[in-house]
Amino acid sequence: LSDEDLDTWAIDTNGEKLSQDQKDEMKDYMDLDDAGNLTFRGFLQIYQLQTENDEAETWRDLASHGFDRELKLRKD
């Protein structure tokens with residue numbers, strides 16, 4: 001995910017872009033490709049850390065993308 005992709009994801013998830021500091025912090029600790037973009041593995045790392053620290057926030061994120069508590073995509 002490029003910075004633009006991260007912004008799109010953040011807006012879809014929380015209604016606002018990530019700050020540059022937040023993006024930089026992700027890039028300091030998460031898996032990146034050779035171009036410095038977050039990989040799928042890095043994206044999963046974000047959610048692993050988030051879930052370990054605040055499971056409810058992960059459920060809210062999933063709900064914002066249309067998933068229910070059984071991880072089924074809602075049809076509404």
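Described in the following lines is the structure provided in the data block. (Residues numbered from 1 in each chain as written. Predicted model: local features only at pLDDT ≥ 70, side-chain atom pairs only at ≥ 80, totals over all residues. Heavy atoms only, no water.)

### Focus on the side chain of D7
How we decide: Helix and strand labels come from DSSP, where a helix needs a run of H or I of at least four residues and a strand needs a run of E of at least two; each type is numbered from the N terminus. Buried means the residue's accessible area, taken with a 1.4 Å probe over protein chains only, is under 20% of the maximum for its type, while exposed means over 50%, and partly exposed covers the values in between. Residue contacts are defined here by distance: any two heavy atoms, one from each residue, within 4.5 Å place the two residues in contact.
Inspection of the secondary structure puts D7 in helix α1 (residues 3-14). Since its relative accessible area comes to 11%, D7 is described here as buried. Discounting residues that sit within four places of it in the chain, D7 has contacts with K17, L18 and K23.

### Re the nonpolar core
One broad rule of soluble globular proteins: the nonpolar side chains tend to lie buried together. Under the convention used in this document: Buried Ala, Val, Leu, Ile, Met, Phe, Trp, Tyr and Cys residues that are joined via side-chain atoms within 4.5 Å together make up what is termed a nonpolar core.
In terms of nonpolar packing, the biggest core is built from 10 residues, these being L6, W9, A10, L18, M26, M30, L38, F43, I46 and Y47. Among the elements of the structure, α1 and α3 (40-53) are those that each provide at least two residues to this core. Discounting chain neighbours no more than four positions away, the residues touching L6 are L1, L18, K23, M26 and L38.

### What about the pattern of salt bridges?
Defined as follows: Salt bridges are identified by distance alone: a Lys or Arg side-chain nitrogen within 4 Å of an Asp or Glu carboxyl oxygen.
Enumeration over the complete set of coordinates arrives at 4 salt bridges. One salt bridge connects K23 with D7, and the closest N-O pair in it is separated by 2.9 Å. Here D7 lies in helix α1 and K23 lies in helix α2 (residues 20-29), a separation of 16 residues in the sequence. For the salt bridge of D54 with R60, the shortest nitrogen-to-oxygen distance reads 3.9 Å.

### So, the packing of aromatic side chains
As a reminder of what qualifies: Centres within 6.5 Å make a pair out of two Phe, Tyr or Trp rings, where for Trp the six-membered ring is used; the pair is then stacked when the planes are under 30 degrees apart, edge-to-face when over 60, and tilted otherwise. Only when the NZ atom of a Lys or the CZ atom of an Arg is both within 6 Å of the ring centre and within 35 degrees of the ring normal do we say a charge sits over the ring.
Taken as a whole, this structure holds 3 aromatic pairs when the rule is applied. Their ring planes at 75° and their centres at 5.4 Å tell us that W9 and F43 sit as a pair that is edge-to-face. With a gap of 34 residues between them, W9 in helix α1 and F43 in helix α3 connect regions that are remote in the sequence. Residue W9 shares its accessibility class with F43, and that shared class is buried. Taking the centre distance of 5.4 Å and the plane angle of 70° together, the rings of F43 and Y47 count as edge-to-face. Within this pair, F43 and its partner Y47 are both found in helix α3, separated by 4 residues, close to a single helical turn. For the pair F43 and Y47, a shared accessibility class is recorded, and that class is buried. Each residue in the set W9, F43 and Y47 is aromatic and connected to the rest through ring pairs, giving one cluster. Note that R69 overlies the ring of W59, its terminal NZ or CZ placed 4.1 Å from the centroid.

### Section: a negative patch on the surface
The test is simple: Patch criteria: residues need more than 30% relative accessible area and no salt bridge. Like-charged residues are merged within 9 Å; nonpolar side chains of Val, Leu, Ile, Met, Phe, Trp and Tyr are merged within 5 Å. Per-residue and other accessible areas were derived by the Shrake-Rupley procedure at a 1.4 Å probe size, with only the shown protein chains allowed to occlude residues. Charged residues are defined here as Lys and Arg on the positive side and Asp and Glu on the negative side; His and the ends of the chain fall outside this count. The location of each charge is read from NZ of Lys, CZ of Arg, CG of Asp or CD of Glu.
Together, D21, D24, E25 and D28 make up a region of like negative charge exposed at the surface. Tracing the backbone shows D24 in helix α2. When its relative accessible area of 34% is taken as the criterion, D24 is described as partly exposed.

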